[in-house]
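Okay, here's what each chain looks like letter by letter:
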Amino acid sequence: MIRNSLDLNTIFTTTVCEVGEVLQIYQADIVRYLPERGIWLNLADYRRNPGMPSGLGLEIPDAGNSIAAQLKQGQIVEIEDYQQYDDEANRPLRAIYTYGGNWLHIPLWGEGQVWGCLSLNRAVGQKWQSAEIELARAIADQLAIAIQQANLYQQAQRELAERQRAEVALQQLNQELEQRVHQRTAQLQLALSTAGMGLWEWNMLDDTQVWSPENYALLGFCADEWGQVLDLDGTVLSPYPTYPLFLERVHPEDREHLVQAQDRALASRSLYELEYRIVFPDGTIRWRYNRGSYLFDQQGQPFKLMGICMDITQRKQAEAALRQSEEQFRTIFDNAPIAISLARVTDLHLERVNQAHRELLGYSEEDLKTLTALDITYPEDVNQDVELVEQMKRDERSSFQMEKRFIKKNGDLIWATLTAALIRDPDGQPLYSMGMIVDITEQKQAELALRSSEARFQRLAANIPGVICQFKITADGVQSFPYMSDSASQILGLTPAQIQRDLDSLFSRIHPGDQAALQQSILCSMQTLQPWKWEGRYIKPDGTLRWLQGMSNPERQPNGDVIWDGVVFDVSDRVQVKQTLQRQFEREKLLRTVTQHIHQAINLQDILTIVVTETRQMLQCDRVVVYRFHEDWSGSFVTESVGDRWVKLVDEDTCTVWQDTYLQETQGGRYRNHESLVVPDIYAAGHHACYIEILEQFQIRAYIIVPIFVGDTLWGLLGTYQNSGSRQ
């Protein structure tokens, strides 16, 4: 109808009336922007209620007008209440539209600039839906086209001389505008399809209906290019949509509600809204939302019913799921075995608690009506509690957990773990803090007792002259020290952390001669679960050799691991005393044996043989010899006791001569002064190379040489040698 007239007044009057009736709104205006005058002029208006004030001819200033600025940028402006605009430019509007309402302003464009706007007003609280906005935008586009066409027509009348050029320009413009219409129509169609929304109208004069393509689909029908109603198999059911076809799809239980809603809307000349069910041929049930209104002629008779429809099945399913979820939440909340509370985030007032909460703290429902979560919190814990709730409100965390003290009704304190989470409304605003409380009073008491016990243990460990440790071998053979006292630093030269981080740092320092015995003792104890006991040598990081003694009791765990709890002592002093006593005993034994054999011997050679034999046996060395000085202080080896693997220096046919003139030149050297010589390693003693060559000839690596005196005369030397390696 807009496009059928070239008279702007007719176009404007028709547009505002049709839009007002179709959308069932309070008011519709067309406003023209006159930049040369700096105003916006109301050219046409529609009022649903004749008693409502008219804005026709109203001039609204453009300067300083924030609404006008948005429209000139091509923006659709939605305003809930004009009273919120306190600028000078909109004062005329506030004076007229005192009744409020939700406004929608759509810019009208012409020749690349804003021409004016289409302004729509509906009741307060009724939001503009996206489909309605798209429909209003399409109407605005059609109106803009009509305005431009009318302007062109008037221009053509005024400029008959340029008719041909004007007709060509008009044709080109029409093509462009038609393309825009097609684009807007396609956009509207896409919006309706995306929203699952359909349009329909019922002409009551000839009892015919018009459905949008979406409406066919929402009712479980198909349509061909002529608009015939088809079933899903393509069979023609009707050459055009009819009310009986529509009513047939409505669920039997909802048909009467639908008819009654339409009758009430007709009687009251108002809009009707209804949610009802649609039954598809395969039995599938879908929920549908309908909103419609009647159009009346000048005599007040209804001639058309128009409306929109939308599939709301997902929303209905979501609502059902929400109700079920809420019911499940109430059941879980009320019957949970742990204490649960709901507190308002604004003031932490306790809105609701479950039975377990009341039993734990002793407060009745009546008591809790006047209490907040902070009222039942121990004062020292309040600040932390409040700060954590504030962090949730600021989206810095979604939940928190803390240990805090609660005050029971009888005044007692309990320790509890509070786990809190934020509950928000659909818009994301914080509503409640839900807290779950677990009583840990006994655990706290146990922790206190454990800390006290641990302190006593640490004092005990610090005062025991040994390393207290726990050693573990898992079922798959992995070894570790779960615990080791700090005394390890002093006794072992390694910190507990070093040993726990690298087990080899400890075991690699066991003397090579004792490592096999250590591993065998551990293996035997693990297999038999008999107490472990070991004594051996340990080389500290500074090179000091210490004797260690360890003892512990093994225990096999349910998972197959074996754990030893025990202690390791430094027994170097005791071992040294024992070794000293042992050496003293062996020396005395050797002297007794040698003395006894000497007394039994009849000549010097027998005596010397006894001495070297008994000495090598006692000292467990590789060679013992007697070296005799001659009158010129040269000398020779006269008696020897040597192992089978070493070259003999003295036998029946050989008497080795020591190729060293030092003793001859010095007439016995240091030995004349009753001094002895001990060399643990010839390569570390600082000997000259020529002397080392002599020692290497005799396979000597370590040695001890002591003088033999007869009265005051140096008779010779007794030498003990270790050929296999160095010796301490």
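Given the structure is predicted, the values throughout are model-derived calculations rather than measurements.

## Side note on the sheet that holds strand β11 (residues 236-238)
Strands pair in a sheet through their backbones, by hydrogen bonds, and they do so in one of two ways: parallel or antiparallel. Spatially, 3 strands are ordered β9-β10-β11 in an open sheet, and the strand pairing comes out antiparallel. Each edge of the sheet is formed by a strand with only one pairing partner; in this case those strands are β9 (222-223) and β11. In this structure, β9 lies alongside strand β10 (residues 229-230), joined through 2 bridges in antiparallel fashion. When the sheet's bridge partners are listed, C222 is paired in β10 with L230.

## Points about helix α21 (residues 689-697)
Within α21 the residues assigned to the buried category are Y691, I692, I694 and L695. Down the axis of α21, the smallest arc covering the buried residues is 155°, so these residues share one side. Every exposed residue of α21 that faces more than 90 degrees away from the buried side is listed here: A689, C690 and Q697. For α21, the elements touching its buried residues are β28 (702-710). Where α21 ends, the next residue or the one after it, Q699, has phi of about 65°, a positive value.

## Examining the nonpolar core
The nonpolar side chains of a soluble globular protein tend to be buried with one another. F12, I30, L108 and L120 are the most contacted members of the largest nonpolar core, which has 26 residues in total. Counting residues per element, the ones that place at least two in this core are α1 (8-23), β1 (27-34), β2 (39-47), β5 (102-110), β6 (113-122) and α4 (130-158). A total of 8 residues in this core trace back to one element, the largest contributor, which is α4. Beyond its immediate chain neighbours, meaning those up to four positions away, L120 contacts V19, L23, I25, Q27, A28, N102, W103, L104, I106, W128 and A136. Residues A339, L348, I376 and M392 belong to the second largest nonpolar core, which totals 25 residues.

## Quick word on unusual backbone geometry
The phi dihedral of Q667 is positive, around 55°, even though this residue is not glycine. Although it is not a glycine, Q699 adopts a positive phi angle of roughly 65°. Within the secondary structure, Q699 sits in the loop between α21 and β28.

Parameters at a glance
Residues numbered from 1 in each chain as written. Predicted model: local features only at pLDDT ≥ 70, side-chain atom pairs only at ≥ 80, totals over all residues. Heavy atoms only, no water. Pairing = 2+ DSSP bridges. Helix = DSSP H or I, 4+ residues; strand = E, 2+ residues; numbered from the N terminus. Buried < 20%, exposed > 50% of the residue type's maximum accessible area, 1.4 Å probe, protein only. Arc of directions from axis to C-beta. Contact = heavy atoms within 4.5 Å. Core = buried A, V, L, I, M, F, W, Y, C linked by side-chain atoms within 4.5 Å.

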